[in-house]
Amino acid sequence: QDKSQSTTTSIIIMATQQAASKSIIPKFRYLSAWFCPFAHRATLALEHHQGRVEYEWVEALGWERRNDDENVTGAGHEWWYHWKADELKRACPGALVPTLIPIVNGKPDESKSVYESIPVIDYIDAVANSSVDGSKDKLLVSEDPFLAARARVWTEKVNRECCSTYYGVLVRKEEDERKEHFANLIKGLENFSTQLKETSGPTFLPDGQLGSVDLTLLPWAYRYYVFKEYRGEEYVIPETKELEAYHEWYDHVMNLDSVKRTLPDKDRYLDHISKYADGSARSKVANAVRRGVAAHEFDDDKDEY
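Residues numbered from 1 in each chain as written. Predicted model: local features only at pLDDT ≥ 70, side-chain atom pairs only at ≥ 80, totals over all residues. Heavy atoms only, no water.

Before going further, it helps to spend a moment on the overall build of the protein. Along the backbone of the protein there are 12 helices and eight strands. Counting the 305 residues in the protein, one finds 56% classified as buried. Long-range contacts, defined here as pairs at least 24 residues apart, represent 70% of the contacts in the protein between residues at least 6 apart. Summed over its atoms, the accessible surface of the protein is roughly 13300 Å², and 47% of this surface lies on carbon and sulfur atoms. (Helix = DSSP H or I, 4+ residues; strand = E, 2+ residues; numbered from the N terminus. Buried < 20%, exposed > 50% of the residue type's maximum accessible area, 1.4 Å probe, protein only. Contact = heavy atoms within 4.5 Å. Areas by Shrake-Rupley, 256 points an atom, 1.4 Å probe, with all protein chains shown as cover.)

Next up, the structure:
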């Protein structure tokens, strides 16, 4: 889950320092959750840079079903994060995934942990491209200042318009509200599709180069299939002229080996996301959407559970 969508210069400097030795592959403890699309962004970056970074996956979140005694969800029951790993609580102030902890001299250094998914993408990219052979052929963040600035703008737009809206479709109870969120999502995808035509495609960066904007959207694009199951045929992403570039992008990225390695089982995820679809999930994102704000606008205090 994300709150801030900015990547600080200090994170990139720290990444470069940690990978200063070209002969050492950076290693991390990766605090994650198999079901979480925010964490999925980090997994995509790690797998994109396979061989340039190493990580140990630590499943750091879990769920528990309880009675909804105070009728918070209106579903008769509620699902809570029933545990968060102590390591996650120490390493990330909000105890959110993804969180990366570098291994320094054989030990995890929690004082240098990095968290929140979009900054984590940038961090992994900086570390990976400062290590081993120093090659820049797999950069997720372009060295071209214009392309990097353009991508920064669109990671944030995609996050707001195409990712947060996903939860509005699932969590909101009223049909007109769901339709409004879905319409906003489609508009966001059309905007993204228009931007894809600005380069040689099919990715956001030129020449088919996978980048931070692609990784920001990809976990949700993969998960849109749940709409048909829980909201019906009218919530399927349409095959329209305005979305041609989006569908070309989708087919391309979903067939990349580094992406295919990261995709959760669809049936398993469909079962998991049912707690959002019936409104019984109690997470910061679900609580934020339930009280009427966008998922990316969750408040650590108001939406605590």
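Our next topic: helix H7 (residues 212-223). In an α-helix, one turn spans 3.6 residues, which is why side chains three or four residues apart end up on the same side. The buried count for H7 comes to 12 of 12 residues, which makes it a mostly enclosed element. The set of residues buried in H7 consists of Ser212, Val213, Asp214, Leu215, Thr216, Leu217, Leu218, Pro219, Trp220, Ala221, Tyr222 and Arg223.

A word on the packing of helix H5 (residues 145-171) against helix H6 (residues 175-196). Closest axis-to-axis distance for the H5/H6 pair is 8 Å, and the angle between their directions is 155 degrees. Between H5 and H6, the crossing angle belongs to the class labelled roughly antiparallel. Crossing hand, H5 versus H6: left-handed. On H6, the residues touching Arg150, Trp154, Val158, Glu161, Cys162, Thr165, Tyr166, Gly168 and Val169 of H5 are Arg178, His181, Phe182, Asn184, Leu185, Gly188, Leu189, Asn191, Phe192 and Gln195. Tallied by class, the residues present in the contact of H5 with H6 amount to nine nonpolar, seven polar and three charged. (Axes fitted to C-alpha atoms, helices over the stretch in contact; angles between N-to-C directions. Parallel < 35°, antiparallel > 145°, perpendicular 65-115°, else oblique. Left-handed = near helix turned anticlockwise from the far one by under 90°. Nonpolar A, V, L, I, M, F, W, Y, C, P; charged D, E, K, R; others polar.)

This part covers unusual backbone geometry. The linkage connecting Val97 with the following residue, Pro98, adopts the cis geometry, with an omega of 5 degrees. Residue position: Pro98 is located in the loop between helix H3 (86-91) and strand E5 (99-104). Of note, the phi angle at Glu116 is positive, near 75 degrees, even though the residue is not glycine. Looking at the secondary structure, you find Glu116 in the loop between strand E7 (114-115) and helix H4 (117-128). You can call Glu116 buried: its relative accessible area is 18%. Phi is positive for Asp207, close to 60 degrees, though the residue is something other than glycine. Position of Asp207 among the secondary structure elements: in the loop between H6 and H7.

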